[in-house]
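Analysis of the macromolecular model
Here is what each chain is made of, one letter per residue.
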Amino acid sequence: MARNVKWGSTEALLVELKRFIEGNGRMPSQASSDDEERGLRSRVDNASRRIPRFSSEQMDALAALKAEYGREQVDWEGEIAYLERYCAEHGRMPSTVDPDARVSRCAERIAHAKRLGANLHGRLVACRKEYGRYRYADPAEFVADYVSFIGREGRMPCRDTESLRERRLAVDLGRLRPELTDGQQLDIETARDSVRRAGSVSYSEKLLAAAIAAAVAPAGGRVVGLNRPVAGREADILVEDAGGRRVAIQYDGGVHAGAGKLESDLAADAAMAAEGVPALRVREPGAAEYPEGDAARVVRIERPMGSMGGDALAETLAAVMSAAGLDGDIAAVDWAAARAAASSASSARSTVASSAARYAELLLLGKGRRPAGEMQRVKNRLRGACRRGAVPDGALRLLAWLESNLDDGRSPHFFGDAARAAGVGPARAGAGGKRHGAGKKEAV
């Protein structure tokens, strides 16, 4: 407070304080943005020391005002409800300098909120994460939110987005990585791997997922996604019914006959069941025999679903739906459409073609205008497709040309080398030839 404050008479201070309380229903605050209010609070707090002329009656009156209005009784349930409505309507947290007194009062209250119950504190933190400034301090809280986002959205958080919460998750991953334990690192990488491997699901799994999606839709159910993280494990097909109950359907092929796979499957089933997501195992003939009475129910099939005929497919689907406790209409499944949706080659090639087109579009924007996060995601997706050999020759030639002429990345020959390995690109210069960019200074 400034040193040249005029303290005035004792009676004038009490009159000013009473006038403020009558108008605002509270004591003045030191945290206020109004200079006069802060000055009044300073004079009140220092009254006995600064104004020794206070009589005993005046000191009693001042003490009574402090006792009645000094500690504001806040209805925190109503305050948090108001905060949630405000954030949903305006897309931001309230401000202490808002001209609306109700808004500024809410902002001031939540800024100094302490000792709230677990429910109210959780709702307040949720608003701050979604609409305000929030910095993760607890690595466990960050990992839980990060894994939950991937499980809900089926993709990794992105920096180039309007959502503050998603952008914060993407940014804080790099900041908090050194503080994460090995178990927390494993949880994050398991979730991220499920996204990376979403395009490499077997044909039989895709066919079963497409059939289940069509069957449960009339009853209000849905397939949440493929390879979704649940309790630190991976659900091949995660299904949700109309009531919100989730079931993990695990399609097990011959690879589940290997050493240690049965123990791993049993542990995964137990972990998911502990999280309230029961697991159902659909086991091909090559998979190991599953013990009876364990956490998962088992449906044995005579051969892979991708090689079954129409009647066998319908019978298998009915057995899976019944064992999983899912409501639906088997007759609603169009098996021709399900097979088309499950066709790995066609879906992969269409995805690669669209990714290549987006890659070209981003490169044509020019350096400085490209969204870096999306650029890197598209490039990584295309590189993964190259490694799997899932890129058509025409798209591969386009990628090689774009790389040579427009891309300024650190690995300028990745797509070019892939094109030459596939026999669709020009031969690269040998040891005596000029490398990428060589000879440019000689022309100066």
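Anyway, here's the lowdown on the structure attached to this text. What you are looking at is a predicted structure, and each value in this text was computed from that prediction instead of being measured. (Residues numbered from 1 in each chain as written. Predicted model: local features only at pLDDT ≥ 70, side-chain atom pairs only at ≥ 80, totals over all residues. Heavy atoms only, no water.)

1. Here's the deal with the overall build of the protein
Counted only if it meets this: Secondary structure elements are taken from DSSP: a helix is a run of H or I of four residues or more, a strand is a run of E of two residues or more, and numbering for both begins at the N terminus. Exposure classes here rest on a 1.4 Å probe applied to the protein chains alone. A residue is buried below 20% of its type maximum, exposed above 50%, and partly exposed in between. For the accessible areas, the method is Shrake-Rupley and the probe is 1.4 Å, while residue cover comes only from the protein chains on display.
Scanning the protein for helices and strands turns up 18 helices and five strands. With 444 residues in all, the protein has 37% of them scored as buried. Carbon and sulfur atoms provide 49% of the accessible area of the protein, an area that totals close to 24,300 Å².

2. A look at the pairing of strand β1 (residues 222-230)
Worth spelling out the cut-off: Two strands qualify as a pair provided that DSSP identifies no fewer than 2 bridges between them.
Relative to strand β2 (residues 233-240), β1 is paired through seven bridges, and the arrangement is antiparallel. From the neighbouring strand, Gly225 faces β2, where its bridge partner is Leu238. Turn length for the β1-β2 hairpin, with the two strands adjacent in sequence and antiparallel, is two residues, and the turn residue Ala231 shows positive phi of about 55°.

3. Thoughts on the packing of helix α7 (residues 118-131) against helix α9 (residues 164-176)
Note the cut-off: Comment: axis = line fitted to C-alpha atoms, over the contacting stretch for helices; angle = value between 0 and 180 degrees taken between N-to-C directions. Roughly parallel covers angles under 35 degrees, roughly antiparallel covers those over 145, roughly perpendicular covers 65 to 115, and oblique covers all other angles. In this description, contact between two residues means that some pair of their heavy atoms is separated by no more than 4.5 Å. All residues other than Ala, Val, Leu, Ile, Met, Phe, Trp, Tyr, Cys, Pro, Asp, Glu, Lys and Arg, Gly among them, are scored as polar; the first ten of these are nonpolar and the last four charged.
The contact between α7 and α9 brings their axes to 6 Å, and the two run at 85°. In terms of orientation, α7 and α9 fall into the roughly perpendicular class. Contact with α7, carried on its side by Arg128, Lys129, Glu130 and Tyr131, involves Leu164, Arg165 and Arg168 of α9 and no other residues of that element. Grouping the amino acids of the contact of α7 with α9 by side-chain chemistry returns two nonpolar, no polar and five charged.

4. Re the packing of aromatic side chains
A ring pair, where both rings are aromatic, is described by two values, the distance of the centres and the angle of the planes. Threshold: Ring pairs shown here join Phe, Tyr and Trp side chains whose ring centres sit within 6.5 Å, with only the six-membered ring taken for Trp; geometry is labelled stacked below 30 degrees between planes, edge-to-face above 60, and tilted in between.
Inspection of the entire model under this criterion finds three aromatic pairs. Considering the side-chain rings of Phe142 and Tyr146, the 5.6 Å spacing of their centres and the 45° angle between planes classify their relative orientation as tilted. Of this pair, Phe142 and Tyr146 are both found in helix α8 (residues 139-153), four residues apart, which corresponds to roughly one turn of the helix. Both residues of the pair, Phe142 and Tyr146, belong to the buried class. Three or more aromatic residues joined by ring pairs form one cluster here, namely Tyr136, Phe142 and Tyr146.

5. Focus: helix α14 (residues 335-342)
As a reminder, the rule being used: In this description, one arc is meant: the one made by directions from the helix axis to the C-beta atoms. Any pair of N or O atoms that falls within 3.5 Å is considered a polar contact. Within protein, one atom must be able to donate a hydrogen and the other to accept it, and sequence-neighbouring residues count only if both atoms are side-chain atoms.
Taken together, the buried positions of α14 are occupied by Trp335, Ala338 and Ala342. Buried residues of α14 fall within an arc of 55° about the axis and therefore sit on the same side. Relative to its buried face, α14 has exposed residues pointing more than 90 degrees away, namely Ala336, Ala340 and Ala341. In this structure Asp334 caps α14, since a side-chain oxygen of it lies 3.2 Å from the backbone nitrogen of Ala336.

6. Quick word on the environment of Val247
Tracing the backbone shows Val247 in strand β3 (residues 246-252). Aside from chain neighbours lying at most four places away, what touches Val247 is Ile237, Leu238, Val239, Val277, Pro278, Ala324 and Leu326.

7. Describing the environment of Glu166
Following the sequence through the fold, Glu166 ends up in helix α9. Residues Glu166 and Glu130, 36 residues apart in the sequence, show an inter-C-alpha distance of 8.5 Å.

8. What about the pattern of salt bridges?
Put simply, the test is: A pairing counts as a salt bridge when a side-chain nitrogen of Lys or Arg comes within 4 Å of a carboxyl oxygen of Asp or Glu.
All chains considered together, the criterion is met by 14 salt bridges. Taking the shortest distance from any N to any O, the salt bridge between Arg222 and Glu240 comes out at 3.1 Å. One end of the pair, Arg222, is in strand β1; the other, Glu240, is in strand β2, and 18 residues separate them in sequence. When its relative accessible area of 16% is taken as the criterion, Glu240 is described as buried.

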